[in-house]
Amino acid sequence: MSSRHGSSRHAHTPVITLYDVPGHTAQPWAPNIWRIRFILNYKRLRYQTIWVEFQDVERTLQQIGAPPSAMRSDGRPIYTLPVVVDPTRIGYPPQVLSNTNSIAEYLESAYPARPVFPEGTRALQTLFVHYIQEVFSKPLLPIMVPLSHQQLPERTQSHFRGAPAGALAGPQREQAWQAVKEQFDFLALIMDKNSGDGDGVVAMGHDVTYADFSLCSVLIWIERMAPHDGWSRVRTWNGGRWSRLWDRCKPWMDEL
């Protein structure tokens, strides 16, 4: 377990708990969970992390009464991370929440200070985040899923039946990265439309929002799991745009 504030004077003060999955180190890496870390950090909310390896997720979440994040076609529940438990709101029972977007909506509603959905942007941001998750990130999967699997704890690696195919090499790897670059190029063209009335770096033109956190969470995934073959490329694409976005989001990468 890691805590946002290590001081013992907070030992008996309720804090939000974020359930996360470890990699080869305790450094967070999973993009969907980073979206929630960004919000917690940006809103300056105190929280602690409980690390749960993949094979323990369903059992752990059932024990704490977390709702499933989705249902299979046969009606069986699917349990995934992140999950947030919030016992801190006076007058409210502890809230146990799953599904990244549902958690984001809850945190924005429960803690409206320092909004990540400025007024009038919720619909557009929701579309942007959907695009990042369902379209933009897809070409990354053949590259990043095997690399991520290799860097999971050994016990977790052995849990999966039929490990993901090995990391791409040679021409296949270059073709895969070219497909990734095409998505980055397209997104850069879209975001350049903000250049006339904003800084051209962030999605909403001026201030960082949930949309930027969703995109930067993908950048963190690449940087943590493919620092040499991946992030070294991406940070230079499109005139260094993605490195500048990283810098804009960096103040909320570290727990305060």
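Under an unreviewed UniProt entry, the name given to the protein chain is GST N-terminal domain-containing protein, and the source organism is Galerina marginata.

With that settled, consider the pattern of salt bridges. Two side chains with opposite charge may pair up if their charged atoms get near one another. Scanning all chains against the criterion turns up 13 salt bridges. Close ionic contact of Lys43 with Glu108 constitutes a salt bridge, the shortest N to O distance being 2.8 Å. Note that Lys43 is positioned in the loop between helix H1 (31–42) and strand S3 (47–51) and Glu108 in helix H3 (residues 100–110), a separation of 65 residues in sequence. The same class applies to Lys43 and to Glu108, which are both buried. Ionic pairing is found between Glu174 and Arg233, a salt bridge with its closest N-O pair at 2.8 Å. Separated by 59 residues along the polypeptide, Glu174 in helix H7 (residues 170–191) and Arg233 in helix H9 (residues 227–234) bring together distant segments of the chain.

Turning our eyes to something else, we now look at the side chain of Thr17. With respect to the helices, strands and loops of the structure, Thr17 is situated in strand S2 (residues 16–20). On the basis of relative accessible area, Thr17 is assigned to the buried category, the value being 8%. Polar contacts involving the side chain of Thr17 include one to the side chain of Gln48, which spans 2.8 Å. Residue contacts for Thr17: discarding those within four places in its chain leaves Gln48, Ile50, Val83, Val84 and Val85.

Looking now at the pairing of S2. Among the 5 residues of S2, 5 are classified as buried, and the element is accordingly described as predominantly covered. On S2, burial covers both faces: Ile16, Leu18 and Asp20 on one face and Thr17 and Tyr19 on the other are all buried. By the bridge criterion, 5 bridges tie S2 to S3 in an arrangement that is parallel. Counterpart to Asp20 in the pairing with S3 is Trp51. Across 3 bridges, the pairing between S2 and strand S6 (residues 83–86) is antiparallel. Looking at S6, one finds that Thr17 is bridged to Val85.

About the cut-offs
- In every chain, residue numbers begin from 1 and rise along the written sequence.
- Residue-level local features of this predicted model are given only where pLDDT is at least 70; pairs of side-chain atoms are given and counted only at 80 or more, and the full residue set underlies all totals for whole chains, interfaces and linings.
- Each side-chain value is worked out from all heavy atoms of the structure, with water and hydrogens disregarded.
- Just to be clear on terms, a salt bridge is a Lys or Arg side-chain nitrogen sitting within 4 Å of an Asp or Glu carboxyl oxygen.
- Working definition: helices are DSSP H or I runs of at least four residues, strands are E runs of at least two. Numbering for both runs from the N terminus.
- For the exposure calls, accessible area comes from a 1.4 Å probe over protein chains only, and a residue counts as buried if that area is under 20% of its type's maximum, exposed if over 50%, partly exposed in between.
- Polar contact is defined as a pair of N or O atoms within 3.5 Å, subject to the rule that within protein one atom must be able to donate a hydrogen and the other to accept it, and that residues adjacent in sequence are counted only when both atoms are side-chain atoms.
- Residues count as neighbours in contact if any of their non-hydrogen atoms are within 4.5 Å of one another.
- Here, a strand pair is defined by DSSP locating no fewer than two bridges between the strands.

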